[in-house]
Amino acid sequence: MKILATGKYLPARIVPNSFFEKTLETSDDWIFTRSGIKERRIASDRETATYMATQSALDALAKADLAAGDLGMIIVGTSTSDYVFPSVACQVQAAIGAQQAAAFDLQAACTGFLYSLILANQFLSSGTCRNILVIGVDKLSAIINWHDRSTAVLFGDGAGAAVLQANRGQHCHGRLLAFDLGADGRYEKILFMPNANTAKSNAIDLSHGVSMFMSGQEVFKHAVTAMAQSVQKSLATAGLTLDDIKCVIPHQANLRIVKVLADRLKIPKEKVFTNLERYGNISAACIPVALSEAEQHYQLQPGDKILMVAFGGGLTWASAIMEW
Ligand code: UT7
């Protein structure tokens, strides 16, 4: 499997940390020192998850020079679909005119894009499809409690996409060299978002309201441990060391998490790509948006190896090593 092209869409509205000083007991200094975030993009009512996903898809398809009609599948990692059904993937399929494509959403919270990418690789390597569009999109502004300072300041909105193609020759560049997928459902209480439609009839605890809840410190510890172990597993599977990796694209939740992870694995800081200072945590969109920017930043060339690692609610985590 190779990545033909990547694309992204970020809403135009920029909300700096100072915005929250007016409504919450917080400060630009606290937010930046504790998270590394300076500003985030917040979507308008018109910029639904489907709209953002569609724009990122059109960007990626144009760069790939591939017609939507040539797509065999669309997988969208998201936790903030406009409807329970149809899926964002089905709506994107209609919007871009990809009538030959099977389409479905995959819910693995912030790990949604990497889960989707790894799943797509299975369909591509088995010969089921030749071209697959994978998208990570989230509109977290729709599900956060804007009065809860422990979460409201951390998240943002956006979408990223990648057009993937099956590798025909044995020796051509562009391959998923190794991956690791994991989950631990025992930790549902430290990061969750109740389903507003079913919560009452399922007797779900709504003491935190129908919005996202996160026990930040606990999630922090699990994020570092799970991502470090996942990276080590993928490197071992690929038979590579970090010296072989051109750039590392970690989940963009918190700069402190990224730094602890890099210290623990001894990754030189120039190899670690971050953009969370500009976008905050955009959940399933973190990895594809960062991938699209890292491609330019590192001027990725065929044969370069990149390592992506994500973590999110579920708990879920994943890592993947790709040859560009
Ligand atoms: O993408 C999904 C995965 N998510 C993550 O990986 C996020 C993981 N967690 C984190 O990034 C960090 O834990 C946070 C950024 C959420 C919080 O940082 P922290 O250093 O763990 O702070 P804390 O939760 O221990 O809170 C420290 C203090 C508390 O006050 P007291 O109890 O010490 O008096 C909080 O009430 O900071 C307070 N606080 C705030 N103060 C000002 C919490 N949020 C804010 C705020 N502004 N926005």
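Residues numbered from 1 in each chain as written. Predicted model: local features only at pLDDT ≥ 70, side-chain atom pairs only at ≥ 80, totals over all residues. Heavy atoms only, no water.

1. Let's talk about the domain arrangement of the protein
Convention followed: What fixes the domain bounds is an automatic or database domain assignment. Any two residues having at least one pair of non-hydrogen atoms within 4.5 Å are treated as being in contact. Once two parts are joined, some of their accessible surface, as seen by a 1.4 Å probe, is lost; buried area is that loss totalled over both. Counted as salt bridges are all cases of a side-chain nitrogen of Lys or Arg within 4 Å of a carboxyl oxygen of Asp or Glu. Residues adjacent in sequence count toward polar contacts only when both atoms are side-chain atoms; beyond that, a polar contact is any pair of N or O atoms within 3.5 Å, and within protein one must be able to donate a hydrogen and the other to accept it. Starting at the N terminus, helices and strands are each numbered in turn, a helix being any DSSP run of H or I of at least four residues and a strand any DSSP run of E of at least two. Amino acids outside the nonpolar list (Ala, Val, Leu, Ile, Met, Phe, Trp, Tyr, Cys, Pro) and the charged list (Asp, Glu, Lys, Arg) are all regarded as polar, and Gly is one of them.
Under the domain assignment used here, the protein contains domain 1 (2-165) and domain 2 (176-323). Computed from C-alpha atoms alone, the centre-to-centre distance between domain 1 and domain 2 is 15 Å. In this complex, domain 1 contributes 46 residues to the contact, which on the side of domain 2 involves 45 residues. Of the roughly 3600 Å² buried at the junction of domain 1 and domain 2 (both faces included), carbon and sulfur atoms supply 67%. It is Cys110, Leu114 and Ile118 in domain 1 that bury the most area against domain 2; as a group they hold 17% of the surface buried on that side. The tally of links between domain 1 and domain 2 comes to one salt bridge. For glutamate 293, the salt bridge is made with lysine 8, and the minimal N-O distance between the two is 2.8 Å. For the pair domain 1 and domain 2, the number of links is 17 residue pairs in polar contact (both at pLDDT 80 or more). Elements that contribute at least two residues to the side of domain 1 that touches domain 2 include exactly strand S1 (2-9), helix H2 (28-35), strand S3 (39-41), helix H5 (112-125), strand S6 (131-139), helix H6 (149-152) and strand S7 (157-165). Of all the elements, H5 adds the most residues to the side of domain 1 that touches domain 2, at eight residues. Split into classes, the residues belonging to the side of domain 1 that touches domain 2 amount to 20 nonpolar, 18 polar and eight charged.

2. Section: the sheet that holds S7
Which entries qualify depends on this criterion: DSSP calls a pair of strands paired once it identifies at least 2 bridges connecting them. Note on geometry: axes are C-alpha line fits, over the in-contact stretch for helices, and angles between N-to-C directions span 0 to 180 degrees.
Taken in spatial order, the five strands line up as S1-S7-S6-S4-S5 in an open sheet, and their pairing is mixed. The two strands at the open ends of the sheet, each matched to only one other strand, are S1 and strand S5 (102-106). Averaged over all pairs of adjacent strands, the angle between strand axes in this sheet comes to 15°, irrespective of strand direction. As judged from the five bridges shared by strand S4 (residues 73-77) and S5, these two strands associate in the parallel manner. Bridge pairing in S5 places isoleucine 75 opposite phenylalanine 104. Packing of helix H4 (residues 88-96) onto the sheet brings it into contact with S4, S5 and S6, and relative to S5 it is tilted by some 140°. Contacts from helix H10 (residues 286-297) reach S1, S6 and S7 within the one sheet, and its direction differs from that of S1 by about 110°.

3. Some details on the site of the ligand
Defined as follows: Any residue with a non-hydrogen atom lying within 4 Å of a molecule or strand is treated as near it. Note on areas: Shrake-Rupley with a 1.4 Å probe; residue coverage comes only from the protein chains shown.
Residues in contact with the ligand amount to 21 residues; listed here are only the nearest, Thr26, Gln217, His251, Asn254 and Asn281. In the model, a nitrogen atom of the ligand is placed 3.3 Å from a nitrogen or oxygen of the tryptophan 30 side chain. Histidine 251 places a polar side-chain atom, nitrogen or oxygen, 2.8 Å from an oxygen atom of the ligand. Compared with its free state, where it exposes 960 Å², the ligand has 74% of that area covered by protein. Elements that contribute at least two residues to the shell around the ligand include exactly H2, H6, helix H7 (216-238) and helix H8 (255-265). Residue contributions to the shell around the ligand peak at four residues, all from H7. Both of domain 1 (2-165) and domain 2 (176-323) provide at least three residues apiece to the shell around the ligand.

4. Some words on the pattern of salt bridges
Our working rule: Between buried and exposed lies partly exposed: a residue is buried under 20% and exposed over 50% of the maximum accessible area for its type, with that area taken using a 1.4 Å probe on protein chains only.
Under the definition given, this model contains five salt bridges. We note a salt bridge from glutamate 188 to lysine 189, for which the minimum N-O separation is 3.0 Å. Taking the relative accessible area as the measure of exposure, glutamate 188 reaches 45% and is therefore partly exposed. Through salt bridges with shared partners, one network takes in Lys8, Arg278 and Glu293.

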